[in-house]
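Each chain, letter by letter, is given below.
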Amino acid sequence: IKRLVCAEDNAGRTPLHLAASGSKVKCAKFIIATGHAPLKVAAFDGRTALHTAAVASCQPMAQLLFENCPWLLKQEDVAGCTALDIAQEIDLTTPH
């Protein structure tokens, strides 16, 4: 399992990134629960799974990632944006 959850695609995204991009919260919970997920890994564009959740407008995923990896909130992508910057840009910070 460790090899699977640590795998990267040709853009440097891990299964956690892919789960976040598809709003697959149950899948992300499983990946995190394995204890092997590379939670600090950023893709080649510098985006973490939390950035990806923000882009996907998935508040439940963002909440899950923040609760398990609060340090991701401060990580910037190659453009200097944090996941919070992206969330504010697309208005995810205001409950609808």
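Before any of the text, the structure's been laid out above.
This is a predicted model, so every value here is computed, not measured.

A. The arrangement of the overall build of the protein in detail. Within the protein, the regular secondary structure consists of six helices and zero strands. Scanning the protein from its N terminus toward the C terminus, one meets helices and strands in the order α-α-α-α-α-α. Computed over C-alpha atoms, the radius of gyration of the protein comes to 12 Å, within 12% of the 12 Å expected from 2.2 N^0.38 for 96 residues, which places it in the range of a compact globule. Its C-alpha atoms give the protein principal-axis dimensions of about 35 × 25 × 20 Å. In the protein, buried positions account for 36% of the 96 residues.

B. View of the packing of helix α3 (residues 25–33) against helix α5 (residues 59–68). Close contact between α3 and α5 brings their axes to 10 Å; oriented N to C, the two are set at 15°. Classified by the interaxial angle, the pair formed by α3 and α5 is roughly parallel. Every pair of crossing elements has a handedness; the one defined by α3 and α5 is right-handed. The residues of α5 that touch α3, namely those facing V25, A28, K29 and I32, are P60, M61, L64, L65 and N68. Residues belonging to the contact of α3 with α5 are distributed by class as follows: seven nonpolar, one polar and one charged.

Cut-offs used in this document
- Residues numbered from 1 in each chain as written.
- Predicted model: local features only at pLDDT ≥ 70, side-chain atom pairs only at ≥ 80, totals over all residues.
- Heavy atoms only, no water.
- Helix = DSSP H or I, 4+ residues; strand = E, 2+ residues; numbered from the N terminus.
- Rg over C-alpha atoms; globule rule 2.2 N^0.38 Å.
- Buried < 20%, exposed > 50% of the residue type's maximum accessible area, 1.4 Å probe, protein only.
- Axes fitted to C-alpha atoms, helices over the stretch in contact; angles between N-to-C directions.
- Parallel < 35°, antiparallel > 145°, perpendicular 65-115°, else oblique.
- Left-handed = near helix turned anticlockwise from the far one by under 90°.
- Contact = heavy atoms within 4.5 Å.
- Nonpolar A, V, L, I, M, F, W, Y, C, P; charged D, E, K, R; others polar.

By themselves, these are just geometric observations and shouldn't be taken as functional.
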